[in-house]
Amino acid sequence: MDALVAQLQMQFRDYTISLYQQGFLDDQFTELKKLQDDASPDFVAEVLSLFFEDCVKLIGNMARALDQKGTVDFNQVGASVHQLKGSSSSVGAKRVKGLCVSFKEFCEAKNYEGCVRCLQQVDIEYKTLQTKLQDMFNLEKQIIEAGGRVPQVDIN
């Protein structure tokens, strides 16, 4: 049992570090993890669940606004992008946040093609992050079920 726990913990550490190294997460995610404790063991998962619900809503709003090809309200799209940038920043979703910066620039330039490209990239990126974080949470669950503790991962 101890060997299994040690193996799962090592896998968890390596996987978590890879998410930072690949640019999916930043230090804000580390700060978010620090807020989780025994009194609120699902805190991070709950915050991220709200973030991903927000992504679906905001991406839907942007897609609908961009579907108005001749009469796109770039200010409305930009407002949604700004909101998504803030949400992604607060949870440490580094790639999503980075795409939002470019997306906002395309909105300000009223560049329709650039906005559509960014929307597609944001949609792919948040879904990829969601899958990767779900894998991380599944590893955490396996560690706990095997009788271990989820290790703190020092990124710096």
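This text follows the structure it describes.
Please read these numbers as outputs of a predicted model, since none were measured by experiment. Within each chain, residue numbers correspond to sequence positions counted from 1 in written order. This being a predicted model, a pLDDT of at least 70 is required before a residue's local features are given, and a value of 80 or more before pairs of side-chain atoms are given or counted; all residues contribute to the totals for chains, interfaces and linings. Side-chain measures here rest on the full set of heavy atoms in the structure, leaving out hydrogens and waters.

**Q** Even after reading the chapter, I still don't get the side chain of Asp 54, so can you show me in this structure?
**A** Tracing the chain through its elements places Asp 54 in helix α3 (residues 43-66). For Asp 54, a relative accessible area of 16% puts it in the buried group. Any pair of residues with heavy atoms lying within 4.5 Å of one another is described as a contacting pair. Residue contacts for Asp 54: discarding those within four places in its chain leaves Gln 83 and Ser 87. Counting from the N terminus, the helices are DSSP H or I runs at least four residues long and the strands are E runs at least two residues long. Exposure is judged per residue with a 1.4 Å probe applied to protein chains only, and the accessible area is read against the type maximum: over 50% gives exposed, under 20% gives buried, and values in between give partly exposed.

**Q** What am I meant to see in the nonpolar core here?
**A** In globular proteins that are soluble, nonpolar side chains generally tend to be buried together. Within the largest apolar cluster, 46 residues are counted, with the highest numbers of intra-cluster contacts made by Phe 103 and Leu 133. Of all the elements, helix α6 (residues 112-145) adds the most residues to this core, at 12 residues. Once residues within four sequence positions are removed from consideration, Phe 103 is found in contact with Met 62, Leu 66, Val 77, Val 81, Cys 115, Cys 118, Leu 119 and Val 122. Among buried residues, those of type Ala, Val, Leu, Ile, Met, Phe, Trp, Tyr and Cys that are joined through side-chain atoms within 4.5 Å constitute a nonpolar core.

**Q** Just checking my understanding: could you explain unusual backbone geometry for this structure?
**A** It is generally the case that most residues other than glycine have a negative phi and that most peptide bonds are trans. A positive phi is found at Lys 110, a non-glycine position, where the angle reads about 55°. Mapped onto the elements of the fold, Lys 110 is located in the loop between α5 (94-108) and α6. For Lys 110, a relative accessible area of 51% gives the class exposed.

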